[in-house]
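# Analysis of the macromolecular model
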Amino acid sequence: MKPQTPSATCSPAINLGKSRKNRQAERPPAWGSHLPDEWLDAVDAPLYFAQYSEYEISADRTVGYDADDQACFTAYRFELTELASDDDEEFYQVVTYSEELAAWRLRDERWLVYRRTSASDRRSPRGFYAFSQTMPR
């Protein structure tokens with residue numbers, strides 16, 4: 001089964017279309033890791049996945065497809081970094097912002113979306129669930 005060509009845009013800030021690698025997943029992703037137990041019966045499990053990677057920054061995207069070759073799961077994660085130094089001689093990368101999203105198509109065609117963001121100016125990541133009429137891009 002060949003996946004449809006999904007949009008490779010993970011968020012408004014990142015377009016993975018420039019250097020993505022479209023490949024079948026060698027190992028199925030943990031597509032249910034953020035799915036609440038009470039919603040397990042409301043979604044269809046993906047049968048296969050397409051995965052995309054960005055080589056310039058830490059970012060990837062996965063799309064899962066059902067038996068009708070329709071997207072039923074999507075996930076992405078990315079990290080934005082900047083150089084930092086304690087002594088102005090040795091520099092290292094620090095994560096200034098990260099985002100993770102997972103979404104499942106419900107049987108009523110809505111999408112259950114989990115999103116977690118973390119910024120260096122906040123103490124802990126913030127995660128939440130929401131519903132969407134369309135698949136997050």
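Refer to the structure presented above.
Computed from a predicted model, the values in this text were never measured in an experiment. (Residues numbered from 1 in each chain as written. Predicted model: local features only at pLDDT ≥ 70, side-chain atom pairs only at ≥ 80, totals over all residues. Heavy atoms only, no water.)

Okay, the overall build of the chain next. Within the chain, the secondary structure is distributed over zero helices and nine strands. For the chain, the succession of helices and strands along the chain, N to C, is β-β-β-β-β-β-β-β-β. Every one of the 137 residues in the chain was classed for burial, and the buried ones make up 36%. For the chain, long-range pairs separated by at least 24 residues make up 43% of all intrachain contacts whose partners lie at least 6 apart in sequence. Per element, the accessible surface of the chain, about 8600 Å² overall, is 46% carbon and sulfur. (Helix = DSSP H or I, 4+ residues; strand = E, 2+ residues; numbered from the N terminus. Buried < 20%, exposed > 50% of the residue type's maximum accessible area, 1.4 Å probe, protein only. Contact = heavy atoms within 4.5 Å. Areas by Shrake-Rupley, 256 points an atom, 1.4 Å probe, with all protein chains shown as cover.)

For D69, which is not a glycine, the phi torsion comes out positive at approximately 60 degrees. Tracing the chain through its elements places D69 in the loop between β5 (58-65) and β6 (71-85). Although it is not a glycine, D88 sits at a positive phi angle of roughly 60 degrees. Looking at where D88 falls in the secondary structure, it is placed in the loop between β6 and β7 (91-105).

Turning next to the environment of A71. Within the element layout of this structure, A71 appears in strand β6. With 25 residues separating them in the primary sequence, A71 and P46 have C-alpha atoms 8.1 Å apart.

Spatial relationships are all this shows, so hold off on functional conclusions.
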